[in-house]
Amino acid sequence: MKHKISIITINLNDKEGLEKTIRSVVSQTYNDVEFLVIDGASTDGSLDVLEHYKENIHLIISEKDSGIYNAMNKGIKKATGDYLLFLNSGDVLTASTAIEDFVTHKDFVGDIIYGDYKFENGEKIYPDTLTPFYFLRTSLPHQSTFFKREVFDTMGLYDENLKIASDRAFYIKCFLSNQIQFQHVNYALSLFDLQG
């Protein structure tokens, strides 16, 4: 089954990282991708980068926001894909075929579908089975996780009152609801920028 994928990139004053991320997204072989960039009114030249690539980006919003989760929520509200992926400024996909490989993988089923990621000197492999205790220790990688659109319709948006852990809180809420199917795909989808 073919799925429309919305890739949402959040940026604030990271011109070089933004360009890396855009190049990674526009090089994808998977052809049903909607690309949204939510910028927090950057002043470092990021807007020049967005202007340069505007033909490759379906939606650009550049305005002040109240933090990363406010920006992510803006992207969710505008996205029209079947699945959403948050690939933030500085993060890149591991190959031009990454989205295609992931979305056509035999294990790409469920509501929150999470893969693995690489970083400069290694990789992080996530467990196939999750428990509540897992989320007390750590979280899932938003840059390697696809959310079915309906997850946000059912569970709501990110809590903007939490400035640094709203994504973990959202995962916990979804997991404990017993309404959301989590699924691991054993594939390193993204290259995580540890400088972020």
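Note that the structure is predicted; figures quoted are calculated from it, not measured.

Procedures and definitions
- Counting from 1, residues in each chain are numbered in the order their sequence is written.
- Thresholds applied to this predicted model are a pLDDT of at least 70 for local features of residues and 80 or more for the giving and counting of side-chain atom pairs; totals over whole chains, interfaces and linings are not thresholded and use all residues.
- Side-chain descriptors were evaluated using all non-hydrogen atoms of the structure, hydrogens and water having been removed beforehand.
- Buried residues of nine kinds, namely Ala, Val, Leu, Ile, Met, Phe, Trp, Tyr and Cys, make up a nonpolar core once their side-chain atoms join them within 4.5 Å.
- The buried label goes to any residue with under 20% of its type's maximum accessible area, the exposed label to any with over 50%, and the partly exposed label to all in between, with areas taken from a 1.4 Å probe on protein chains only.
- A run of DSSP states H or I qualifies as a helix once it reaches four residues; a run of E qualifies as a strand once it reaches two. Both are numbered from the N-terminal end.
- Any two residues whose heavy atoms approach within 4.5 Å at even a single point are treated as in contact.
- By this definition, two strands are paired if DSSP reports at least two bridges between them.
- The definition of a right-handed crossover adopted here requires that, viewed with the strands pointing away, the path from the first strand over the helix to the second runs clockwise.
- Here a salt bridge means any side-chain nitrogen of Lys or Arg lying within 4 Å of a carboxyl oxygen belonging to Asp or Glu.
- Under the convention used throughout, the expected extent of a helix is 1.5 Å for every residue step, that is, one less than its residue count.
- What qualifies as a polar contact is a pair of N or O atoms within 3.5 Å, subject to a donor-acceptor requirement within protein and to the restriction that residues adjacent in sequence count only when both atoms come from side chains.
- Only four residue types enter the tally: Lys and Arg on the positive side, Asp and Glu on the negative side, with His and both chain ends excluded.

## Some points on the nonpolar core
One finds Leu140, Tyr158 and Phe182 to be the most contacted residues of the largest nonpolar core, which totals 31 residues. Residue assignment for this core shows that the elements contributing at least two residues are β1 (5-11), β2 (33-39), α3 (68-78), β4 (83-86), β6 (112-119), α5 (132-137), α6 (149-155) and α7 (166-177). Apart from the residues within four sequence positions on either side, Phe182 is in contact with Ile112, Tyr114, Leu130, Phe135, Leu140, Tyr171, Cys174 and Phe175.

## Remarks on the pairing of β1
Of all the seven residues making up β1, seven are buried; the element is thus mostly covered by neighbouring parts of the structure. The two faces of β1 match: Ile5, Ile7, Thr9 and Asn11 on one face and Ser6, Ile8 and Ile10 on the other face are all buried. For β1 and β2, the ladder comprises seven bridges, and the chain directions are parallel. Looking at the pairing, Asn11 lines up with Asp39 of β2. One crossover worth recording links β1 to the parallel β2 by way of helix α1 (residues 15-26), and it is right-handed. Strand direction decides the pairing type here: β1 and β4, joined by four bridges, are parallel. Along β4, the bridge assignment pairs Ile8 with Phe86.

## A closer look at the pattern of salt bridges
With the rule as written, the count across this model stands at six salt bridges. In this structure, Asp107 engages Lys106 in a salt bridge whose closest nitrogen and oxygen atoms are separated by 3.3 Å. Looking at Asp107, the relative accessible area reads 22%, which means it is partly exposed. A residue is classified by how much of its surface remains accessible, and Lys106, at 70% relative accessible area, is exposed.

## Things to note about α1
Helix length check: α1 (twelve residues) gives 16 Å between terminal C-alpha atoms against 16 Å at 1.5 Å per residue, within 8%. Buried-residue contacts for α1 involve β1, β2, α2 (46-52) and β5 (92-93).

## Section: the environment of Ile112
Of note, Ile112 is situated in strand β6. For the pair formed by Ile112 and Asp14, sequence separation is 98 residues and the distance between their alpha carbons is 28 Å. Filtering out sequence-adjacent residues up to four positions away, Ile112 remains in contact with Thr145, Phe146, Phe147, Val151, Tyr171, Cys174, Ile180, Gln181, Phe182 and Gln183.

## Overview of the environment of Thr94
Inspection of the secondary structure assignment puts Thr94 in the loop between β5 and α4 (98-103). For Thr94, a relative accessible area of 30% translates into the label partly exposed. Through-space distance from the C-alpha of Thr94 to that of Asn31 is 17 Å; in sequence the pair is 63 residues apart. Setting aside its immediate chain neighbours within four residues, Thr94 contacts Lys118, Tyr187, Ala188, Leu189, Ser190 and Leu191. Only 2.8 Å separates the side chain of Thr94 from the backbone oxygen of Ala188, close enough to count as a polar contact.

## Thoughts on the side chain of Asp39
When you line up the elements, Asp39 lands in strand β2. For the buried Asp39, which has no salt bridge, the nearest side chain bearing the opposite charge is Lys64, at an N-O separation of 9.1 Å. Polar side-chain contacts of Asp39 include one of 2.8 Å to the side chain of Asn11. There is a polar contact of 3.1 Å between the side chain of Asp39 and the backbone nitrogen of Ala41. Setting aside anything within four residues of it in sequence, one finds Asp39 in contact with Asn11, Leu12, Ser46, Leu47, Leu50, Ile61, Ser62 and Glu63.

## A closer look at unusual backbone geometry
Phi is mostly negative for residues that are not glycine, and the peptide bonds are mostly trans. Positive phi, normally seen in glycine, also occurs at Asn13, with a value near 50°. As for its position among the elements, Asn13 is in the loop between β1 and α1. Phi at Ala41 is positive, roughly 60°, even though this residue is not glycine. Structurally, the position occupied by Ala41 is in the loop between β2 and α2. Exposure remark for Ala41: the relative accessible area of 24% places this residue in the partly exposed category.

Honestly, it's all geometry; don't read function into it.
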